[in-house]
Amino acid sequence: MGNVLIIGASGDIGAAIATRLAENGHQLILHYNRGRERVEQLVSTLPEHCVLKVINADLQKDEGINNFLKEIQMSVHSIVFSSGSSHFGMFQDTTEEEMDQMLTLHVKAPWQITKHFLPDMVKIKSGHIVMISSIWGEVGASFEVIYSTVKGAQNSFVKALAKEVAMSGVSVNGISPGFIDTKMNQHLSEEERQEIIQNIPINRPGKPDEVAHVTAFLLDGRSSYIQGEIIRVSGAW
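Here the residue numbers are simple positions, counted from 1 along each chain's written sequence. Only residues with pLDDT of at least 70 are given local features in this predicted model, and only at 80 or more are side-chain atom pairs given and counted; all residues enter the totals for whole chains, interfaces and linings. Computation of side-chain values covers all heavy atoms of the structure but excludes hydrogens and water.

A. Seen up close, empty space enclosed by the protein. Residues are called lining when one of their atoms sits within 4 Å of a cavity or pocket point, these points coming from a 1 Å grid over the protein atoms alone, where a cavity is a set in which a 1.4 Å probe fits but cannot get out and a pocket is an open set with protein on both sides within 12 Å along at least five of seven lines. Grid points are joined across faces, edges and corners, and a volume is the space filled by probe spheres set on the points. Counted according to the given criterion, the structure contains two cavities of 30 Å³ or more. Estimated volume of the largest cavity: approximately 50 Å³. Taken together, Ile7, Leu59, Phe81, Ser83, Leu105, Ala109, Pro110, Ile113 and Gln154 make up the full set of residues lining the largest cavity. With four residues, the top contributor of residues to the lining of the largest cavity is helix α4 (residues 96-124). Here the lining of the largest cavity is composed, by residue class, of seven nonpolar, two polar and no charged. Considering only enclosed or pocket space, the second largest cavity measures out at about 40 Å³ in volume. The helix count covers DSSP runs of H or I at least four residues long, the strand count covers runs of E at least two residues long, and both are numbered beginning at the N terminus. Under this grouping Gly is polar, as are all residues other than the nonpolar Ala, Val, Leu, Ile, Met, Phe, Trp, Tyr, Cys and Pro and the charged Asp, Glu, Lys and Arg.

Printed below as a string of structure tokens:
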């Protein structure tokens, strides 16, 4: 078991992960940025002893990352990165500020947070890092070039770091969700949504709980021989 830091606990997938891990007896440190009401609602549903701390931080900025790390004065045995922000639009219309924010949130923040806690994991030869990526990080998507790029970087981070720390007893893996029924997909019209579903062999969107189940599996010691993998949860899309 141990203390699990969940980055992005206010999102639909992050909240589902928190709920599942609490059921499994983990103690949680919950991060959120703008979803205060959602996190408060989540905490109200969890056993009181499971939530060690709730931290608000904007991880799109270096200052936010640094302040966030200073607030955590306890051991972290596992990290789940489920925070994310989509960016929809033509690549040539993307501003430099938007590029910087997406890179910092999806790439630099995981780098910095992992770097901060990794030495203690290596020292005790135990730890788990799970990155919730996206199918677009594998295959790319038009009108989501920036998002696809940073998710691809997350996948490469998982594969490379897994090799580096495998002998130290630290597990590093990723989960690549396909079309999951979350608020991140609310920009789609009903027609667009149905068009996507028609192309998914299982013929429905995925559920946040289904991503949470895989996360819990990867934090279980019985999955210890799985290392450096990006597991698709996509309904064969």
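B. Up close: the sheet that holds strand β2 (residues 27-32). Note on pairing: DSSP must find at least two bridges between two strands before they are called paired. Strand order in the open sheet formed by seven strands is β3-β2-β1-β4-β5-β6-β7, with parallel pairing between adjacent strands. Single-partner strands in this sheet number two, and they are β3 (51-56) and β7 (230-233). Taking each pair of neighbouring strands and ignoring which way they run, the sheet shows an average axis angle of 15°. Where strand β6 (residues 170-177) lies against β7, four bridges are found, and the strand directions are parallel. Each bridged residue has a counterpart across the sheet, and for Pro177 the counterpart in β7 is Val233. A contact between two residues is defined here by any heavy atoms of the two lying within 4.5 Å. To get an axis, fit a line to the C-alpha atoms, keeping to the stretch in contact for a helix; angles then go from 0 to 180 degrees between the N-to-C directions. Here helix α3 (residues 62-71) sits on the sheet and contacts β1 (3-7), β2 and β3; the angle it forms with β3, its principal contact strand, is near 160°.

C. Main features of the packing of aromatic side chains. When the centres of two rings from Phe, Tyr and Trp lie within 6.5 Å, Trp using its six-membered ring, the rings pair. Their planes under 30 degrees apart give stacked, over 60 give edge-to-face, and anything left gives tilted. Summed over all chains, the structure comprises three aromatic pairs. Judged by centre distance (6.5 Å) and plane angle (70°), the rings of Phe179 and Trp237 are edge-to-face. Highlighted residues: Phe179 in the loop between β6 and α7 (190-198) and Trp237 in the segment after β7, separated in sequence by 58 residues. Under the scheme applied here, a residue whose accessible area is under 20% of the maximum for its type counts as buried, over 50% as exposed, and between as partly exposed, the area being computed with a 1.4 Å probe on protein chains only. Overall, the relative accessible area of 24% leaves Trp237 in the partly exposed class. In textbook terms, an aromatic cluster arises when at least three aromatic residues are bridged by ring pairs, as seen for Trp136, Phe179 and Trp237.

D. Examining the environment of Ala18 more closely. When you line up the elements, Ala18 lands in helix α1 (residues 12-23). According to the relative accessible area criterion, Ala18 is buried, its value standing at 0%. Each C-alpha atom of the pair Ala18 and Asp120 lies 23 Å from the other, and the pair is 102 residues apart in sequence. Setting aside chain neighbours within four positions, we find Ala18 in contact with Ile6, Leu28, Leu30, Leu42 and Leu46.

E. The environment of Gly206, seen in detail. Here Gly206 is to be found in the loop between α7 and α8 (208-218). Spatially, the C-alpha atoms of Gly206 and Lys125 are 34 Å apart, while their sequence positions differ by 81 residues.

F. Looking closely at the nonpolar core. Judged by nonpolar contacts, the single largest core of 29 residues is most densely connected at Leu5, Leu59, Phe68, Ile79, Ile113 and Phe117. Looking at this core, the elements with two or more residues in it are β1, α3, β4 (78-81), α4, β5 (127-132), α6 (145-165) and β6. At six residues, the largest contribution of residues to this core is made by α4. Apart from the residues lying within four places of it in its own chain, the contact partners of Ile113 are Leu5, Ile7, Leu59, Phe68, Leu69, Ile79 and Phe81. To qualify as a nonpolar core, a set must consist of buried Ala, Val, Leu, Ile, Met, Phe, Trp, Tyr and Cys residues joined through side-chain atoms within 4.5 Å.

G. Main features of the packing of α1 against α8. Across the interface, α1 lies against α8 with an axial gap of 8 Å and an inter-helix angle of 50°. In terms of axis orientation, α1 runs oblique to α8. In this structure, α1 meets α8 at a crossing whose hand is right-handed. Seen from α1, the contacting residues are Asp12, Ile13, Ala16, Ile17, Arg20 and Leu21; seen from α8, they are Pro208, Asp209, Val211, Ala212, His213, Thr215 and Ala216. Roughly parallel means an angle under 35 degrees; roughly antiparallel means over 145; roughly perpendicular covers 65 to 115; every other angle is labelled oblique. Two helices crossing with the near one rotated counterclockwise from the far one by less than a right angle form a left-handed crossing, whereas a clockwise rotation gives a right-handed crossing.

Honestly, it's all geometry; don't read function into it.
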